[in-house]
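# A look at the structure
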Amino acid sequence: MTTTLTRPGRQDSRPGPTPPSSRRHRRNRIDWWAIAMIAPALIGLAALYLWPFLSTLVKSFMNVPVFGAGTFTGIDNYTKLLSDEDFWRALGNSALYTVLVLIGVPIAIVLAALIEQAAKGRTLYRVLFFLPVVTLPVAVGMVWRFILNGDFGILNYLLSLVGIPGEYWVADARFTIYAFAVVGIWMGLGINLIILGAGLQSIPPDLYEASALDGAGRIRQFFSITLPLLSPSVFFVTVLTTISALQMFDLVFVMLGGVNNTAIDGSKTIVYLFYEAAFVQFKQGYGAAIAIVLLIIIMIATVVQFRLQKRWVTYD
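Residues numbered from 1 in each chain as written. Predicted model: local features only at pLDDT ≥ 70, side-chain atom pairs only at ≥ 80, totals over all residues. Heavy atoms only, no water.

### Remarks on the overall build of the protein chain
Scanning the protein chain from N- to C-terminus turns up 14 helices and two strands. Taken as a whole, the protein chain presents about 20300 Å² of accessible surface, with 67% of it coming from carbon and sulfur. (Helix = DSSP H or I, 4+ residues; strand = E, 2+ residues; numbered from the N terminus. Areas by Shrake-Rupley, 256 points an atom, 1.4 Å probe, with all protein chains shown as cover.)

Structure (structure tokens):
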């Protein structure tokens with residue numbers, strides 16, 4: 001048995017146990033300062049993302065004229081969309097463009113590994129590849145439109161020097177999606193190299209030194225060390241590339257140059273179809289249905305990628 005001694009005339013100053021009522025009051029208290037600090041971000045998210053989404057979702061079930069209130073039509077917009085040949089053609093174009101642009105991911109992996117091994121000029125290489133990222137997409141589309149022009153484009157001129165006949169790359173529906181993909185890969189290399197370069201720098205050099213002592217060459221090190229440890233960055237780049245590719249619109253709009261292009265009917269993407277329905281034909285309800293379907297497609301693609309990443313992504 002222990003006894004606590006205190007000085008005469010002085011009480012013990014140690015705090016006693018907190019009453020249950022005080023703990024319950026502290027647990028139920030609202031921290032207004034925390035709410036005030038995050039309120040601007042919450043208001044911005046609600047105004048710029050939540051409200052437009054809810055408004056688009058409601059309009060997708062309505063027939064909205066240019067002037068006046070809309071009328072509820074149920075799932076008529078979705079039924080019409082699923083039976084529209086233009087929608088399935090645009091979906092196929094968007095899927096083909098996405099697959100082609102994903103080819104840029106392994107290209108970025110190889111380039112990032114080569115830049116990382118360069119003795120000099122790493123920063124210069126990264127800046128040069130990153131320039132298209134900070135350039136306006138409209139400017140990029142205009143430049144590539146002149147490069148790929150079938151009559152006086154630079155590409156056809158260079159092909160003619162080696163005896164290869166040129167094509168109308170942005171005026172023939174057989175080649176337009178592939179032309180868009182080349183530009184999309186070129187535009188996405190910069191940000192992909194930055195992300196993959198950061199992933200390469202996080203790999204411990206000791207692993208390469210130990211594997212070199214065991215007789216592993218550069219190629220064996222790349223497939224046995226670099227790729228497995230870089231897989232989280234590769235997965236992140238793949239998800240971003242897929243989402244941005246499915247949302248591609250500016251290249252189609254700028255490089256085709258308007259409705260006078262004969263290849264426009266066979267080169268539309270889903271977002272271009274949405275633009276045409278909502279802002280050219282003023283079918284806001286039908287355009288809203290296209291936007292919602294695109295959102296669902298992106299969500300499905302993202303979920304599938306997250307499920308499949310368990311088989312090939314290494315987080316150790």
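Having seen the model, we can carry on.
### Digging into the side chain of lysine 268
By the element assignment, lysine 268 lies in the loop between helix 12 (250-256) and helix 13 (270-280). By relative accessible area, which is 9% here, lysine 268 ends up buried. A polar atom in the side chain of lysine 268 sits 2.8 Å from the side chain of glutamate 276. (Buried < 20%, exposed > 50% of the residue type's maximum accessible area, 1.4 Å probe, protein only. Polar contact = N/O pair within 3.5 Å; in protein donor to acceptor, adjacent residues only side chain to side chain.)

### Some details on the nonpolar core
Of all hydrophobic cores here, the largest spans 24 residues; its most connected members are Tyr97, Leu148, Phe180, Val183, Leu251 and Met255. At the level of elements, helix 4 (85-102), helix 7 (137-147), helix 9 (176-201) and helix 12 are the ones that each hand at least two residues to this core. Filtering out sequence-adjacent residues up to four positions away, tyrosine 97 remains in contact with Ile177, Phe180, Ala181, Gly184, Ala245, Met248 and Leu251. If you look at the next biggest cluster of nonpolar residues, it comprises 17 residues, including Val105, Ile109, Phe222 and Val234. (Core = buried A, V, L, I, M, F, W, Y, C linked by side-chain atoms within 4.5 Å. Contact = heavy atoms within 4.5 Å.)

### Considering the pattern of salt bridges
Tallying each qualifying case throughout the model produces six salt bridges. Here arginine 174 ties to aspartate 172 by a salt bridge, and the two come within 2.8 Å at their closest N and O atoms. When salt bridges with common partners are traced through the structure, they connect Glu116, Arg122 and Arg126 into a single cluster. (Salt bridge = Lys/Arg side-chain N within 4 Å of Asp/Glu carboxyl O.)

### Brief notes about the packing of aromatic side chains
Under the defined criterion, the tally for this structure stands at 14 aromatic pairs. The interplanar angle of 50 degrees and the centroid separation of 5.4 Å between the aromatic rings of phenylalanine 61 and tyrosine 78 together place this pair among those described as tilted. Residue phenylalanine 61 is found in the loop between helix 2 (32-59) and strand 1 (62-63), and its partner tyrosine 78 is found in helix 3 (residues 76-82); the two are separated by 17 residues along the sequence. We note lysine 80 situated over the ring of tyrosine 286; from NZ or CZ to the ring centre the distance is 5.0 Å. (Phe/Tyr/Trp six-rings, centres within 6.5 Å; stacked < 30°, edge-to-face > 60°. Lys NZ or Arg CZ within 6 Å of the ring centre and 35° of its normal.)

### Here we look at the environment of tyrosine 315
If you trace the backbone, tyrosine 315 turns up in the segment after helix 14 (284-312). C-alpha separation for the pair tyrosine 315 and proline 232, spaced 83 residues apart in sequence, amounts to 6.7 Å. Contacts of tyrosine 315, omitting those with residues within four sequence positions, involve Pro232, Phe235 and Gln309. A polar contact is formed between the side chain of tyrosine 315 and the side chain of glutamine 309, at a distance of 3.0 Å.

### Re helix 7
Every buried residue belonging to helix 7 is among Val140, Gly141 and Trp144, and all of these are buried. When helix 7 is viewed along its axis, its buried side chains cluster within an angular range of 95 degrees and face the same direction. On its buried side, helix 7 packs onto helix 6 (122-134), helix 9 and helix 12. (Arc of directions from axis to C-beta.)

### Considerations on the environment of glycine 70
Examined against the element boundaries, glycine 70 turns out to sit in the loop between strand 1 and strand 2 (71-72). Taking the C-alpha atoms as reference points, glycine 70 and glycine 285, 215 residues apart in sequence, are found 8.7 Å from one another. The residues touching glycine 70, leaving out its near neighbours within four places in the chain, are Met62, Asn63, Val64 and Pro65.

### Points about the confidence of the model for the protein chain
Averaged over all residues, the pLDDT of the protein chain equals 86, while 90% of them reach at least 70. Mean pLDDT across the elements of the protein chain ranges from a minimum in helix 1 (residues 20-28), with 55, to a maximum in helix 4, with 94. (pLDDT = per-residue confidence, 0-100.)

### Quick word on the packing of helix 10 (residues 205-213) against helix 11 (residues 218-246)
Closest axis-to-axis distance for the helix 10/helix 11 pair is 11 Å, and the angle between their directions is 160 degrees. Regarding the angle of helix 10 to helix 11, the classification is roughly antiparallel. Where helix 10 crosses over helix 11, the handedness of that crossing is right-handed. Contact with helix 10, carried on its side by Leu207, Tyr208, Ser211 and Ala212, involves Gln221, Ile225, Thr226 and Leu229 of helix 11 and no other residues of that element. Partitioned by chemical class, the residues of the contact of helix 10 with helix 11 number five nonpolar, three polar and no charged. (Axes fitted to C-alpha atoms, helices over the stretch in contact; angles between N-to-C directions. Parallel < 35°, antiparallel > 145°, perpendicular 65-115°, else oblique. Left-handed = near helix turned anticlockwise from the far one by under 90°. Nonpolar A, V, L, I, M, F, W, Y, C, P; charged D, E, K, R; others polar.)

### Some remarks on a nonpolar patch on the surface
Where nonpolar side chains cluster on the molecular surface, the patch consists of Leu124, Tyr125, Val127, Leu128, Leu131, Val133, Val134, Ile191 and Ile194 and spans about 770 Å² of accessible area. Listed by contribution, the elements that provide at least two residues to the nonpolar patch are helix 6 and helix 9. Summarising the element assignment, isoleucine 191 is placed in helix 9. Owing to a relative accessible area of 36%, isoleucine 191 belongs among the partly exposed residues under this scheme. (Patch = residues over 30% accessible without salt bridge, like charges linked within 9 Å, V, L, I, M, F, W, Y side chains within 5 Å.)

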